Amino acid sequence: MLKILCIQFYMFLLKIIYIGDVHMINFVLCDDNIGILKKLEKMLESILIQNDLPGKIVLSTPHPQNVINYIENNQFDVVILDIDLKCDISGLNLADKIRKKNKKAYIMFTTAHLEYSMLAYKFKTFDFIAKPLTSERLEETILRLYDDIYTESSGFFKLNKKNSFLKNDDIFFIQKEGKKAVFKTKSKDYEITSSFSNILNQLPNNFVRCHKSYIVNLDKISSIQSNAQNARLCRY
């Protein structure tokens, strides 16, 4: 397939189904204390805005059952919860259910009971934030969280210095237009000023430069038609 893709293209036609956009990190919050929960919401939203981080709170609730119901059919990336939820479902029980549903989700605990920390590590806990909550401590954890999410092996491409990221799986192809590189996704195009060499160095091996003006994602190709004059790559 690589040999076919790397022929000189005179015509290049792509028909695609796009599947993505800049990835937003979805946060779920759970604490039985409404006052603390509201404080956590405000601090987290402020940190995301101030640091220009792509993220949003998709659920904030004092009831662990609401979390269980939500994660059944909705996308989530990060869960921040109290260990002691003062009901029949503890934070540890909830973390166990979350981990069984999503092995890649990030779990963080806010707690005044750090003695529980050893028990919680079996759920691959990312961090423990001691109560009372402070914006400085939460920001430190959130910045470290994003740094961990957007490592080179995480499957994201950093578009610019303002922490805008594009999921690699959501890119169908990249087109060179003058000094700009245009990333094609489902809802819109994203332009950056960069060389193809620098872009390829940040992408996995399923991205191939098949022409001087195109980089394509091999995972988005279902068929190839080629002859001496042109090639057509299609996805249905």
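As the structure is a prediction and not an experimental result, all values here were calculated from the model.

What counts, and at which threshold
Residues numbered from 1 in each chain as written. Predicted model: local features only at pLDDT ≥ 70, side-chain atom pairs only at ≥ 80, totals over all residues. Heavy atoms only, no water. Helix = DSSP H or I, 4+ residues; strand = E, 2+ residues; numbered from the N terminus. Buried < 20%, exposed > 50% of the residue type's maximum accessible area, 1.4 Å probe, protein only. Contact = heavy atoms within 4.5 Å. Areas by Shrake-Rupley, 256 points an atom, 1.4 Å probe, with all protein chains shown as cover. Pairing = 2+ DSSP bridges. Axes fitted to C-alpha atoms, helices over the stretch in contact; angles between N-to-C directions. Parallel < 35°, antiparallel > 145°, perpendicular 65-115°, else oblique. Left-handed = near helix turned anticlockwise from the far one by under 90°. Nonpolar A, V, L, I, M, F, W, Y, C, P; charged D, E, K, R; others polar.

1. Points about the overall build of the chain
Right, so step 1: The number of helices and strands found in the chain is seven helices and 15 strands.
Right, so step 2: Taken across its 236 residues, the chain has 47% of its residues classed as buried.
Right, so step 3: When contacts within the chain are restricted to residue pairs at least 6 apart in sequence, long-range pairs at least 24 apart make up 60% of them.
Right, so step 4: With an accessible surface of roughly 12800 Å², the chain has 50% of that area assigned to carbon and sulfur atoms.

2. Re the side chain of Glu-41
Right, so step 1: One can find Glu-41 in helix H2 (residues 34-50).
Right, so step 2: Those residues within four positions of Glu-41 in sequence are excluded, and the remaining contacts are Leu-29, Ile-57 and Ser-60.

3. Structural notes on the pairing of strand E12 (residues 207-211)
Right, so step 1: Of all the five residues making up E12, four are buried; the element is thus mostly covered by neighbouring parts of the structure.
Right, so step 2: The pairing of E12 with strand E13 (residues 214-217) spans four bridges and is antiparallel. Each residue of the ladder has a partner; that of Val-208, found in E13, is Val-216.
Right, so step 3: In this antiparallel pair of consecutive strands, E12 and E13, the connection spans two residues.

4. Considerations on the packing of H2 against helix H6 (residues 135-149)
Right, so step 1: Their axes nearest at 10 Å, the elements H2 and H6 cross at an angle of 55°. On the basis of their axis angle, the class for H2 and H6 is oblique. Crossing hand, H2 versus H6: right-handed. Residues Leu-40, Met-43, Leu-44, Ile-47 and Leu-48 of H2 form the contact with H6, whose participating residues are Ser-135, Leu-138, Glu-139, Ile-142 and Tyr-146.
Right, so step 2: Residues that form the contact of H2 with H6 fall into these classes: eight nonpolar, one polar and one charged.

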